[in-house]
Amino acid sequence: MSSESPEVVTALIKLCREYAVRTVLQVGAEDGYEADCIRRELGCRAVCIEPDTRCGPVSHLLEWHEVLIGDGDGVTNFYLNSMSGLSSKVQRHSCETLAQMPQMRLDAFCRRHDVKPDCLIIDCEGATLEVLRSAGPMLGFVSIVYCEIQHDDSHGPRNDADVKALLESFKLRQHDAAPTYCAGSQSNWTFVR
């Protein structure tokens, strides 16, 4: 399992404390490490969504859901990578195995499980824009969005400008300080209300 560096996690916790986060929702959670760190420090609700069944929660105190989040309810392609944590809706390597998986919209998931997130953490290997679009009007009350974006097409379709435009349409502004960071063709950006 991969997780954010200690400096990034510390910055996420600080930001969540500043915004008085009561519920953090992590999509593409792998083991839910980041959400669990925030939960431990703030005592908030931590809900994790991870479709790859080879992954499991880092803590039994996380609310864990094995479901694929996407732009519609139904069945869709999902590419299982031989390295756990890198599976995605976007095929990026020839060694990936194609699977058919049920998916649901994020807003439908939140209604079903009575989740009202203050903070979204999205690391879904190229499908960030689709996950955000599936949130619908829920983005109008989220205070923090921390998400992986693509600057070019090497790890999935480029989505940086579209992610920024969508979040700005919901009055979220880009936060250029930590935990935001750039890592070549991918970055993790933070948006706040």
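In this text, all values refer to a predicted model and were calculated from it rather than measured experimentally.

Colleague: How do you make sense of the nonpolar core when you look at a structure like this?
Modeller: In summary, soluble globular proteins display a tendency toward joint burial of nonpolar side chains. Judged by nonpolar contacts, the single largest core of 32 residues is most densely connected at Leu25, Ile69, Leu106, Phe109 and Val145. Taken together, the elements giving at least two residues each to this core come down to β1 (23–27), β2 (45–49), α3 (106–112), β7 (119–122), α4 (128–135), β8 (144–150), α5 (160–169) and β11 (186–192). Setting aside anything within four residues of it in sequence, one finds Phe109 in contact with Leu25, Val47, Ile49, His65, Val67, Ile69, Met104 and Val115. The next biggest cluster of nonpolar side chains, apart from the first, holds 22 residues, and it includes Val8, Leu62, Cys119 and Ile121.

Colleague: Hey, could you run me through the sheet that holds strand β4 (residues 68–69) in this one?
Modeller: Sheet strands associate in pairs through backbone hydrogen bonding, adopting either a parallel or an antiparallel arrangement. Here we have three strands laid out as an open sheet, ordered β4-β6-β5, and mixed in their pairing. The open sheet has two edge strands with one neighbour each: β4 and β5 (74–80). Judged from the seven bridges that link them, β5 and strand β6 (residues 97–104) form a sheet pairing that is antiparallel. The residue of β6 that forms the bridge with Phe78 is Ala99.

Colleague: Explanation requested: the state of the cysteines in the structure shown.
Modeller: By definition, a disulfide is the covalent link that joins the sulfur atoms of two cysteine residues. Using the criterion set out here, one finds zero disulfides in the structure. The thiol of Cys44 is not disulfide-bonded; the next cysteine sulfur, from Cys16, is found 6.8 Å away. You can see Cys147 has no disulfide; the closest cysteine sulfur is in Cys124, sitting 8.7 Å from it.

Colleague: Honestly, the packing of helix α1 (residues 6–18) against helix α2 (residues 33–42) in this entry has me stumped. Any pointers?
Modeller: Between two packed helices, both the angle of their axes relative to each other and the distance between the axes serve to describe the pair. Interaxial distance between α1 and α2 falls to 10 Å at its minimum, and their mutual angle equals 50 degrees. The orientation of α1 with respect to α2, classified from their angle, is oblique. In terms of crossing hand, the pair formed by α1 and α2 is right-handed. The segment α1 lies against α2, with Val9, Leu12, Ile13, Cys16 and Arg17 engaging Tyr33, Glu34, Cys37, Ile38, Glu41 and Leu42. Across the contact of α1 with α2, the residue classes break down as eight nonpolar, no polar and three charged.

Basis of the calculations
Residues numbered from 1 in each chain as written. Predicted model: local features only at pLDDT ≥ 70, side-chain atom pairs only at ≥ 80, totals over all residues. Heavy atoms only, no water. Core = buried A, V, L, I, M, F, W, Y, C linked by side-chain atoms within 4.5 Å. Buried < 20%, exposed > 50% of the residue type's maximum accessible area, 1.4 Å probe, protein only. Helix = DSSP H or I, 4+ residues; strand = E, 2+ residues; numbered from the N terminus. Contact = heavy atoms within 4.5 Å. Pairing = 2+ DSSP bridges. Disulfide = S-S within 2.5 Å. Axes fitted to C-alpha atoms, helices over the stretch in contact; angles between N-to-C directions. Parallel < 35°, antiparallel > 145°, perpendicular 65-115°, else oblique. Left-handed = near helix turned anticlockwise from the far one by under 90°. Nonpolar A, V, L, I, M, F, W, Y, C, P; charged D, E, K, R; others polar.

Honestly, that's just the spatial picture; any functional story needs more than this.
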